[in-house]
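# An overview of the molecular structure
What follows is each chain in one-letter form.
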Amino acid sequence: MHAHTHTHIHTLNQSQTQTLCVAVNMGLVMGTFSMQSNKQDRTYRKDKIDDDFELSIVCHRPEGLDKLEAQTNFSKQELQVLYRGFKNECPSGVVNEDTFKQIYAQFFPHGDASTYAHYLFNTFDSAHSGSIKFEDFIMALSTLLRGSVREKLTWTFNLYDINRDGYINKEEMTDIVRAIYDMMGKYTYPALKTDTPKQHVDAFFQKMDKNRDGVVTLDEFILSCQEDENIMRSLQLFKNVI
Amino acid sequence: MAAGVAAWLPFARAAAIGWMPVASAPMPTPPPDNRRKQDGLILLNVSGQKFQTWRNTLERYPDTLLGSTEREFFFHEETNEYFFDRDPDIFRYILNFYRTGKLHYPRQECISAYDEELAFFGIIPEIIGDCCYEEYKDRRRENQERIQDDEDSENQNDMVPPDMTFRETMWRAFENPHTSTMALVFYYVTGFFIAVSVMANVVETVPCGTLPNRVKQVSCGERYALAFFCLDTACVMIFTVEYLLRLMAAPSRWNFIKSVMSVIDVVAIMPYYIGLVMTDNEDVSGAFVTLRVFRVFRIFKFSRHSAGLRILGYTLKSCASELGFLLFSLTMAIIIFATVMFYAEKGSSASKFTSIPAAFWYTIVTMTTLGYGDMVPKTIVGKIVGSVCSLSGVLVIALPVPVIVSNFSRIYHQSQRADKRRAQKKTKLGRIAARKSGGTNAYLQYKSNEVTASKAAGQALVCKANPMFDTHHNHLLHCLEKTTNHEFVDEQTFETSLLEVSMAKHPPHSPSLSSGSSSQGLSCCSRRNKRKSFNVPNSNMTGGHRNSIQELSTIHIRERPITNSRSSLNAKFEETVPLNCKQPYITAAIITLPMPPVTRPEDDGSASSPDYSQANIVRVSAL
């Protein structure tokens, strides 16, 4: 009798363990799956909410209209128009790089304007704070639209000089030219070849680098540009934009 | 491009200076920069509410009304503003579109009102922002469905083309039994025979007492075999005839054959014919018995008679994916639990769970919480698994059911709404018609006033009674009267005049004067009825139905109690010129679409017959 029950229990144990294994397996699988997705959802949502919260805290107001008028070459009405447009796109009063890229990309839907916008942003953001306030915006525009030739050329030099070391070397220039060609997009006539930017850069250096030392300094740049009539003429193109 | 970004164009152009030194070719000349006047404020007056905005804001979108020169048409010089006689609440959203570049749809506004405003201001609704686009599309779709329903019901009830062939009439009668009495009769007869056939099938199997030389009970079908066979034959005959008629009348025979109802019809009558063909062959009699099962499909023919059944079928069809999911998840669960159960109960002695498929039955019975008890687990593990099985069964079945239920509810309510709207529309149109008839009575009133007033030289009386608009309107109707040389009258006058005319023309038809007058009255009415029903080529075959006929003017609107058809605004009207005997003809002012007068019964005697002999003239009605 004992032996019989013993074997009885033994067989039970075997099938029991089998079923238990199956059941536990199922439970584990379902549980981990559900928990996994839960966790992911939660972290993602948390990040997003924090991000928006941070952005909304920052709010900046520009200095008074009179002060800005004194500092720049714009009239009061022009400043008003410019500020209204600025505030419409950026209600918080500052532009961060992503918004800047977005706005600039809207003007060039064919290609990818993000690289050139990045360089522009760095030039506008003279204080390197990561965001452009209205004053920075206005100062740059004032230089570009109403400034003297020297000021404009200095601004352009700062644009090309990516690492701000006072010299433009071939790599920086290649980056800039490639960024400009990126804005053209894929569908151009004649079709863009891979070495077109390089050729362009070589031509540029041919013209600008007076002492053939491989870099262009500010004085070389201004001198060479003043010699070129086309460039001089084109600098005056956007006088009456506002 | 977003509107606000347009304000950054100066910046983009300025930034272009960065390209200048790198440029390989000279720059093009800039476009002439006409010195724009300073940006000014524009005042927009929308029904009294004043809105103001910069001119540049509006000009961001030059292809809309406000952004283009079209707004100059609304310029009001005295107040130096632009005046729009539109809804100011909706205008808010439109103006915000100019300001922010995003168009929003307010939930509380009516979708058609909003659409109208958008159309007026030249804004396409596709630019509604993502936040509101979903809601807008949903509301729009609902509205379209409602309009489509109304159109469909209208088409069904009214738009009977006059030149329908017999085939088309028959098809229409089959599809919509309310179109004529014949169709209704047919509908009820087939319904009755379906019921009879199904009942016969059921009663056939009831035990009917014993035969004298037998011990066991025989079913009624065996006892009264001949009677049931005759009944079955009769039913199948009716069904066959019906099917053939439908097939003949169907506009697209192939489509009809493919349709579900046709398949059901065929399946319902095939067993009988197959049974006829293979009479006493022993081998196939077993199969024949199986075929008799298909006779029960006749009950599905009832779905032509019941809208609810159709909705149920349609719901199941539209919930096919949910049903499929339910089935799939159930199958998965059954297999899992059956396997576990089998291995759990393998050890126990005299276990009913002899194999996994045998365990399927237990799992199904447990998951649907039936619990017959013919198979029960004996081991502890088996009992645990069994309880988990029944719990999970409840969950798995409860999940897709609400989806199916909500689908059914939506479709059912939609059909309810359609019917309710149809009923509401009838009463609504009736009320509008009553209001309109009030208006026409006003003209008659005015005329009678004028007659009495001119007699009493009280012209001022009349003028005082009617406001300016009514005066002009009445004058217009008077002009029409003079043009057509007929007059507007009311119902009583017309009937009495008809009576007079008929009496004058048909004295020999009446046996006695009194009864003659009554019979004349009756015949007059009936003739009028017949004339009505005859003249209207769109008339339904049931007499006395009022239908819409083309009318020049809704002069005389009659509201009779209407059974099936809708009281329409353009109810028929009959006018006649009773008074002026100088008129050479009496025209019942009905527009007659071309109809041969030969079918007209006893109207020949009337003076109007010579007119009607020229049957192809569209007679000018309204006198």
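Reading the values: the criteria
Residues numbered from 1 in each chain as written. Chains lettered and ligands numbered in written order. Predicted model: local features only at pLDDT ≥ 70, side-chain atom pairs only at ≥ 80, totals over all residues. Heavy atoms only, no water. Helix = DSSP H or I, 4+ residues; strand = E, 2+ residues; numbered from the N terminus. Buried < 20%, exposed > 50% of the residue type's maximum accessible area, 1.4 Å probe, protein only. Contact = heavy atoms within 4.5 Å. Areas by Shrake-Rupley, 256 points an atom, 1.4 Å probe, with all protein chains shown as cover. UniProt positions renumbered as here; feature names shortened; annotations may be inferred. Phe/Tyr/Trp six-rings, centres within 6.5 Å; stacked < 30°, edge-to-face > 60°. Lys NZ or Arg CZ within 6 Å of the ring centre and 35° of its normal. Disulfide = S-S within 2.5 Å. Pairing = 2+ DSSP bridges. pLDDT = per-residue confidence, 0-100. Salt bridge = Lys/Arg side-chain N within 4 Å of Asp/Glu carboxyl O. Core = buried A, V, L, I, M, F, W, Y, C linked by side-chain atoms within 4.5 Å. Patch = residues over 30% accessible without salt bridge, like charges linked within 9 Å, V, L, I, M, F, W, Y side chains within 5 Å.

Counting secondary structure elements, chain B contains 23 helices and four strands. Here chain B, with 623 residues, has 37% of them falling under the buried criterion. Summarising the internal contacts of chain B: among those between residues at least 6 apart in sequence, 60% fall at separations of at least 24. Working note: accessible area of chain B is about 36,100 Å², and carbon and sulfur atoms make up 63% of it.

Bringing the UniProt feature "transmembrane region" (unreviewed entry) in chain B into the picture now. All names here are of chain B. The feature "transmembrane region" (unreviewed entry), as given by UniProt, occupies residues 224-245, 257-278, 323-344, 356-372 and 384-405 in the numbering adopted here. The straight-line gap between the two end C-alpha atoms of residues 224-245 is 32 Å; of that span, 95% is helix and 0% is strand. With 71% helix and 0% strand, residues 356-372 has end C-alpha atoms that lie 18 Å from one another.

Here the focus is the packing of aromatic side chains. Residue and element names in this part refer to chain B. According to the stated counting rule, one finds 48 aromatic pairs over all chains in the structure shown. Their ring planes at 65° and their centres at 5.0 Å tell us that Y105 and Y114 sit as a pair that is edge-to-face. In this structure, Y105 and Y114 share a single accessibility class: buried. Directly above the aromatic system of F120 lies the positively charged group of R86, at a separation of 4.0 Å from the ring centroid. One Lys or Arg, R246, reaches over the ring of F174 and ends 5.0 Å from the middle of that ring.

Moving on, we come to the state of the cysteines. By definition, a disulfide links the sulfur atoms of two cysteines through a covalent bond. Residue and element names in this part refer to chain B. All told, the structure shown has one disulfide over all chains when counted by the stated rule. Between the sulfur atoms of C208 and its disulfide partner C220 the distance amounts to 2.0 Å. Disulfide C208-C220: the torsion about the S-S bond is 70°, which places it as right-handed. Separated by twelve residues along the polypeptide, C208 in the loop between α8 (181-204) and α9 (220-223) and C220 in helix α9 bring together distant segments of the chain. The exposure class assigned to C220 is buried, which follows from its relative accessible area of 8%.

Spatially, four strands are ordered β2-β1-β4-β3 (chain B) in an open sheet, and the strand pairing comes out mixed. Pairing within the sheet leaves two strands with one partner each, and these edge strands are β2 (49-54) and β3 (75-76) of chain B.

As a further point, take the confidence of the model for chain A. Considering every residue of chain A, the mean pLDDT works out to 78; 75% of them sit at 70 or more. Predicted confidence is poor over residues 1-12 of chain A, with pLDDT under 50, and the contacts of this stretch with residues over four places away or in other chains come to two contacts.

The subject of this paragraph is the pairing of strand β1 (residues 41-46) of chain B. Side-chain positions along a regular strand alternate between the two faces of the sheet. Residue and element names in this part refer to chain B. As paired strands, β1 and β2 are joined by six bridges and run antiparallel to one another. Looking across to β2, one finds that N45 is bridged to K50. Taking the residues that link successive antiparallel strands as the turn, the β1-β2 hairpin has two residues, and the phi of S47 there is positive, at about 50°. Here three bridges tie β1 to strand β4 (residues 81-84), and the two strands are oriented parallel to one another. When the bridges of β4 are listed, V46 appears paired with F84.

All names here are of chain B. Under the defined criterion, the tally for this structure stands at 26 salt bridges over all chains. One salt bridge connects D232 with R295, and the closest N-O pair in it is separated by 3.4 Å. Here the residue D232 occupies a position in helix α10 (residues 225-249), and R295 occupies one in the loop between α13 (282-293) and α14 (307-318), the gap between them amounting to 63 residues. A relative accessible area of 13% means that D232 is categorised as buried. Salt bridges sharing common partners tie together E242, R246, D265, K301 and R304.

Here we come to the nonpolar core. If you look at the biggest cluster of nonpolar residues, it comprises 60 residues, and the most contacted ones within it are A:Y104 and A:M173. Sort the elements by how many residues they give to this core and helix α6 (residues 134-146) of chain A lands first, with seven residues. Among residues more than four places away in sequence, those in contact with A:M173 are A:Y160, A:I168, A:V201, A:F204, A:F205 and B:V22. Grouped together as the second largest cluster of nonpolar side chains are 26 residues, B:Y82, B:I94, B:I111 and B:F121 included.

Time to look at the side chain of B:S197. Relative to the helices and strands, B:S197 is located in helix α8. Once you skip the residues sitting within four places of it in the chain, B:S197 turns out to touch B:C235, B:F239 and B:R298.

Before going further, it helps to spend a moment on the UniProt feature "domain: EF-hand" (unreviewed entry) in chain A. All names here are of chain A. Using the residue numbers shown here, the UniProt feature "domain: EF-hand" (unreviewed entry) corresponds to residues 112-147, 148-183 and 196-231. Between the C-alpha atoms that bound residues 112-147 there is a distance of 29 Å. The span itself is 67% helix and 8% strand. From the first C-alpha to the last, residues 148-183 spans 28 Å; its make-up is 72% helix and 6% strand.

Time to look at the environment of A:A113. Residues and elements named next belong to chain A. With respect to the helices and strands, the residue A113 is situated in the loop between α4 (97-107) and α5 (114-124). A residue is classified by how much of its surface remains accessible, and A113, at 2% relative accessible area, is buried. Between the C-alpha atom of A113 and that of Y181, which follows or precedes it by 68 residues, the distance is 9.2 Å. In this structure A113 touches Y104, A105, F108 and M183, once residues within four positions along its chain are discounted.

Let's shift gears to the confidence of the model for chain B. Residues and elements named next belong to chain B. Per-residue pLDDT for chain B has a mean of 73; in total, 66% of the residues score no lower than 70. Mean pLDDT in chain B bottoms out at helix α23 (residues 609-613), which sits at 40, and peaks at helix α16 (residues 356-367), which reaches 93. Across residues 458-466, where pLDDT falls below 50, the model places ten contacts with residues more than four positions away in sequence or in other chains. Contacts of residues 508-623 to residues separated by more than four positions or lying in other chains number 210 contacts, the stretch itself having pLDDT below 50.

A few words now on a nonpolar patch on the surface. On the surface, a cluster of nonpolar side chains totalling about 310 Å² of accessible area is made up of B:M199, B:V202, B:V203 and B:V206. Its location among the elements puts B:V202 in helix α8.

Residues and elements named next belong to chain B. For R298, the position within the fold is in the loop between α13 and α14. In this structure R298 comes out as buried when scored by relative accessible area, which is 0%. For the pair R298 and A268, spaced 30 residues apart in sequence, the C-alpha to C-alpha distance is 5.1 Å. Contact partners of R298, with chain neighbours within four places excluded, come to I194, S197, V198, D232, V236, F239 and A268.

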